[in-house]
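# Coordinates in review
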Amino acid sequence: MKKRILSLSIAAMIGGVGLAGGASAAVFSQGAGTLTNVGNAAGNILLVPYFSTQGGNATLLNITNTDTVNGKAVKVRFRGAANSDDLYDFQVLLSPGDVWTASVSQDATTGISTLSTTDATCTLPTSVNGTFQTGRVQQFSTASSIANQTREGYIEILNMADIPKFGLFDQGTVSGTTITAPTTNPLYTAIKHVNGVAPCSTNAAGAAAINLLVQDPTTYSATVAFTTGAAAAGTIAVNTKTASLAATSSSSAQGLGLVFPTGKLLADWTIINVASTTVLSGQATAIAADTANLVFFPQVGTAIPTTNSTAVSTVAIATGTAATLATPTLDAVTADPIFRTTNLAYNQGTVLANANVNNGTAANNANGTIQNAASSTAASLASPAVAAAYYDQPDLSTPYVGVVLGGATATANVSALNQSLTVTALLAKSSVTNSYLTTSALNAATDWVFSMPTRRYHTAYAYSYAGATGNGQIYTDYTKAATVTGAGATGSAYRFFSPSNTSVSTTNGLQICTKLATGVTAFGREEQVAAVSNPGFVVSPGTVAASATLSLCGETSVLSFGKASALLSATVANTVYPAASLPAVDGWATFGTSSGAANVVGTLPILGFAAQKAVNSAVSAGVSGNFGLSYTHR
C-alpha cells in the first residue's frame with residue numbers, strides 16, 4: 001500500500017491549519033470569459049444530478065480528464081437532497097488522460113453514506129475513504145434520521161486549476177540576472193502515473209510539491225504567459241520593467257505548480273443495486289468556460305475572512321503585470337446565503353441579535369421573510385449563519401470567468417452573484433417532460449429525479465436560526481447583480497427563488513419547497529388523458545391532498561408514479577403521483593416550472609432523469625430478468 005506524507009483528514013481540518021502568507025481567498029482572472037452549457041460533453045464544471053445509497057443502492061462515480069497534456073486540480077463535493085447541505089468534499093489531482101473512480105454505499109452499522117476508492121490517483125487529503133459528515137445537516141432527535149440525510153443528493157465537480165508538465169519560473173532559482181525554471185513541474189511529476197501508480201507523496205520531492213498545496217496562492221505571477229497558460233522550461237533574463245521577474249515566489253499560483261484551468265473533464269455515474277440486479281447510469285451535465293479563472297482553494301479548515309478589504313484588484317491580470325490578490329473576502333467568492341454577511345434577506349425574528357435594515361411593513365414582507373425592494377438596501381449580518389472554511393470553496397457561485405470585484409467599490413461582492421445567475425440561467429428549464437412505466441405485468445416502477453443544483457445560491461436553510469420565533473430560511477439579495485441573459489430584470493432582489501415561490505415544509509424535517517403554478521399533466525400511450533390532470537402531491541409518507549399545484553420539496557426530489565419510490569427507495573424528499581390519477585399504466589407526463597409569481601423569472605434550474613424498472617418473470621431459473629432504464633428529462 002502506498003504511504004503518502006500529506007494526511008489532512010476532513011475531521012482534522014475542522015480544527016484549522018495555518019496558511020503561509022496569511023488568510024485570504026484567491027480567484028485570479030484572465031479577463032472576460034463565457035460560460036456555456038455543453039450538455040454531456042467535456043467541461044470545466046460538472047454536475048451529477050443524483051446519488052443514492054438507499055435500499056441497497058450504491059453509486060459509482062467516474063471522473064475523466066480528457067486533456068492528455070495537463071493535469072487537473074479538481075474539487076469534488078457531495079451535497080444532501082434536503083437543502084444542499086455539504087456532506088463530503090475533497091480534491092482529486094488528475095494526471096493527463098487519467099480516470100478517477102469511487103463508490104458510495106451505506107455503512108451497515110451507522111446507516112451513513114461511505115465513500116470508498118482504491119484508485120491510484122492523488123487526492124487531498126491523502127485518503128478520501130470514509131463516512132460522510134453530518135455536522136451541517138439538520139440535527140434530528142435520532143441518529144437514523146440524521147444518517148438518512150446523507151443517503152441522497154447530488155455532486156459538484158470543479159476544475160480549479162491545471163497542472164502543466166513544463167517547469168514554472170516561480171519554481172525556479174535566481175542567479176545573478178537569470179531565473180532558471182525546472183525542466184518539469186514538480187507537482188506534475190508527483191501526480192503523473194508511473195507503471196499505473198501516481199507517486200504522490202511516496203518520495204521526498206513529491207511530498208514537498210504536494211505539501212505546498214496547503215497554501216492559498218497570493219499572486220498569479222507575471223513570469224508566465226497568461227494567453228497560453230504555458231511557458232517553455234529554461235531560463236529568462238531578469239527584466240527591470242517587471243519587478244516580479246527579479247525573484248521567484250513559492251506562494252504564487254505558479255510556485256504551487258498551478259495555472260489557469262482549461263476544463264476537458266467528463267463524469268459518469270452509475271446507481272447499482274446488487275440484490276435486485278438493477279443498474280441505472282448517466283452522464284454529468286457540463287459547463288464549459290472559454291477563458292476560465294483560477295479558483296484554487298486549499299483543502300484546509302482555516303476560516304475565510306468576511307471583512308472587506310480595500311486592497312482589491314478590480315482589473316484582469318495582464319501579461320507582464322504581477323497580479324495582486326483579487327478577492328480577499330468571502331462574499332466576493334460565494335453567493336451562498338449561509339456563508340455571506342451582505343446582500344441578504346431573512347426573517348427578522350430568527351436572526352439572533354441582528355436587525356434587518358429594511359422595514360418590516362406588510363408590503364415588504366412575504367412568507368415571513370423580509371422582501372427587499374429594488375430600491376432598498378440589502379440586509380446584512382454581523383456574522384454568517386455558518387462560518388466558511390477554505391474547504392467550502394470553490395462552489396458553483398465562485399466567479400469562474402471575468403473580473404472579480406470586492407472591497408469598498410460600488411459593486412462590491414457581486415461577482416459571485418453574477419456567476420450564480422449565469423449558471424442558474426444556463427440550467428433553467430420552462431418545462432419538464434418524460435415517460436413513465438407502471439404496468440403490473442412487468443412489476444414496473446418509475447421514479448423521476450429533479451435536482452436544482454444552484455438553488456442553494458438563492459436560498460438556503462440556517463438550522464441554527466430555526467426556532468419558536470420563525471423559520472431559518474435565508475435568501476441572497478440580487479438587487480446589485482448585473483444583467484444576465486435569462487436571469488430576470490436588473491435591480492430585482494429575487495431572480496429565480498423568492499418568498500413568493502418558496503416555503504418551508506416540516507413534514508419530513510425542515511425542507512425548502514419550490515411552489516409551481518400547476519401540477520403534472522399525464523397522458524397514456526394510447527392518447528388517454530386523466531380526468532384530473534393536476535393531482536396534488538405531498539411529501540411521502542403522507543396523505544395526498546386535493547390540490548392542483550406541485551411543490552418540489554428538497555433540493556433533490558424524487559417523484560414516484562403510482563406508489564412510493566420502489567426503484568430508487570428515495571425517502572429524503574419523495575412525492576407520489578397517485579395511481580388513481582394516472583390516465584393509463586404507461587405513458588408520458590409534463591409540467592411547467594413557472595410559479596406564477598410576478599417577481600421571479602418563471603424558469604427553474606432543473607437537471608434529472610426518469611428511472612424505470614421492468615421485470616421479465618418468464619426468464620429461466622437462475623437468470624435475472626430485471627432491467628433498469630434511465631432517460632434524461634427534456
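Residues numbered from 1 in each chain as written. Predicted model: local features only at pLDDT ≥ 70, side-chain atom pairs only at ≥ 80, totals over all residues. Heavy atoms only, no water.

Our next topic: the overall build of the protein chain. Summing up its helical and strand segments, the protein chain has 5 helices and 34 strands in all. Burial analysis of the protein chain (634 residues in total) assigns 58% to the buried set. At a minimum sequence separation of 6, the contacts of the protein chain that also span at least 24 residues come to 76%. As displayed, the protein chain has an accessible area near 22100 Å², and 56% of this comes from carbon and sulfur atoms. (Helix = DSSP H or I, 4+ residues; strand = E, 2+ residues; numbered from the N terminus. Buried < 20%, exposed > 50% of the residue type's maximum accessible area, 1.4 Å probe, protein only. Contact = heavy atoms within 4.5 Å. Areas by Shrake-Rupley, 256 points an atom, 1.4 Å probe, with all protein chains shown as cover.)

This paragraph deals with the side chain of D85. In this fold, D85 is placed in the loop between strand 4 (71-80) and strand 5 (86-94). Here the side chain of D85 touches R456 through a polar contact of 3.3 Å, side chain to side chain. Not counting residues up to four positions away in its chain, the partners in contact with D85 are F78, R79, G80, R136, V137, R456 and Y463. (Polar contact = N/O pair within 3.5 Å; in protein donor to acceptor, adjacent residues only side chain to side chain.)

All right, on to the pairing of strand 5 then. The buried fraction of strand 5 amounts to 9 of the 9 residues, a majority that puts the element mostly inside the structure. In this antiparallel pair of consecutive strands, strand 4 and strand 5, the connection spans 5 residues, and S84 shows a positive phi of 65 degrees. Two elements, strand 5 and strand 8 (residues 122-124), share 3 bridges in a ladder whose sense is antiparallel. Across the sheet, L93 pairs through a bridge with C122, a residue of strand 8. (Pairing = 2+ DSSP bridges.)

So, on to the pattern of salt bridges. Should their charged atoms come close, side chains of opposite charge can pair. Evaluated as defined, the whole model comprises 10 salt bridges. Across the salt bridge formed by D586 and R525, the nearest N and O atoms sit 3.8 Å from each other. In this pair, D586 sits in strand 31 (residues 586-592) while R525 sits in the loop between strand 27 (521-524) and strand 28 (551-553), placing the two residues 61 residues apart along the sequence. For D586, a relative accessible area of 10% gives the class buried. Salt bridges sharing partners connect three or more residues here, namely R77, R79, D86 and E156. (Salt bridge = Lys/Arg side-chain N within 4 Å of Asp/Glu carboxyl O.)

Spatially, 9-7-6-3-14-15 is the arrangement adopted by the 6 strands of the open sheet, whose pairing is antiparallel. Strand pairing shows two members of the sheet lacking a second neighbour, strand 9 (130-131) and strand 15 (278-283), which therefore form its edges. Here strand 3 (residues 57-65) runs beside strand 6 (residues 99-106); their pairing, made up of 6 bridges, is antiparallel. Bridging across to strand 6, L61 finds its partner in A102.

Turning our attention to helix 5 (residues 415-427). A rise of 1.5 Å per residue sets the reference length of helix 5, with its 13 residues, at 18 Å; its end C-alpha atoms lie 19 Å apart and thus fit the reference within 8%. Along helix 5, 11 of the 13 residues are buried, which leaves the element largely enclosed by surrounding structure. When we look at burial in helix 5, the residues that qualify are S415, A416, L417, N418, Q419, S420, L421, V423, T424, A425 and L427. (Expected span 1.5 Å × (residues − 1).)

Ranked by size, the top nonpolar core spans 93 residues in total, and within it L258 and L294 carry the most contacts. Looking at this core element by element, the count peaks at 6 residues for helix 5. Residue contacts for L294: discarding those within four places in its chain leaves A26, V27, F28, M160, A161, Y220, A253, L258, V259, F260 and P261. Membership of the second largest hydrophobic core comes to 41 residues, among which are L46, A147, L265 and L280. (Core = buried A, V, L, I, M, F, W, Y, C linked by side-chain atoms within 4.5 Å.)

An order of 21-31-27 is seen for the 3 strands of this open sheet, with the pairing classed as antiparallel. Each of the sheet's edge strands pairs with one partner strand only, and the pair in question is strand 21 (431-437) and strand 27. On average, each strand axis in the sheet is tilted by 20 degrees relative to the strand beside it, whichever way the strands run. (Axes fitted to C-alpha atoms, helices over the stretch in contact; angles between N-to-C directions.)

Under the definition given, this model contains 2 disulfides. The disulfide partner of C122 is C200, and the S-S distance across this bridge is 2.0 Å. What sets the handedness of the C122 and C200 disulfide is the S-S torsion sign, and at about -105 degrees it is left-handed. Note that C122 is positioned in strand 8 and C200 in the loop between helix 3 (186-191) and helix 4 (204-211), a separation of 78 residues in sequence. Accessibility assignment for this pair places C122 and C200 in one class, buried. The partner cysteine of C513 in its disulfide is C553, sulfur to sulfur 2.0 Å. Looking along the S-S bond of the C513-C553 disulfide, the torsion reads about 105 degrees, which is the right-handed sense. With C513 in strand 26 (residues 511-515) and C553 in strand 28, this pair connects stretches of sequence that are 40 residues apart. We classify C513 as buried; its relative accessible area is 3%. (Disulfide = S-S within 2.5 Å.)

Relative to the assigned elements, G80 resides in strand 4. We classify G80 as buried; its relative accessible area is 4%. Leave out the neighbours within four places in its chain, and G80 touches D85, L87, Q149, E152, G153 and Y154.

Within helix 4, burial applies to G206, A207, A209 and I210. Each buried residue of helix 4 sits inside an arc of 165 degrees when the element is viewed along its axis, so together they form one side. In helix 4, the exposed positions angled more than 90 degrees off the buried face are occupied by A204 and A205. The inward-facing, buried residues of helix 4 contact strand 8 and helix 3. Structurally, the start of helix 4 carries an N-cap: the backbone nitrogen of A205 is 3.3 Å from a side-chain oxygen of N203. (Arc of directions from axis to C-beta.)

What follows covers unusual backbone geometry. At the junction of L124 and P125, the peptide bond is cis and its omega measures out at 5 degrees in the coordinates. Residue position: P125 is located in the loop between strand 8 and strand 9. Omega for the bond connecting Q393 with P394 falls within 30 degrees of zero, at 0 degrees, which places this linkage in the cis form. Following the sequence through the fold, P394 ends up in the loop between strand 19 (369-370) and helix 5. For E527, which is not glycine, the phi torsion reads 75 degrees and is therefore positive.

With respect to the element layout, S201 can be found in the loop between helix 3 and helix 4. Owing to a relative accessible area of 2%, S201 belongs among the buried residues under this scheme. In this structure, the C-alpha to C-alpha distance between S201 and T126, residues 75 residues apart in sequence, is 8.6 Å.

This next bit is on the packing of aromatic side chains. Using the criterion set out here, one finds 17 aromatic pairs in the structure. Ring geometry for F51 versus F78: centroids 5.4 Å apart, planes at 80 degrees, classification edge-to-face. With F51 in strand 2 (residues 45-52) and F78 in strand 4, this residue pair connects regions lying 27 residues apart in the sequence. The burial state of F51 is the same as that of F78; both residues are buried. (Phe/Tyr/Trp six-rings, centres within 6.5 Å; stacked < 30°, edge-to-face > 60°.)

Structural measurements only, silent on function.
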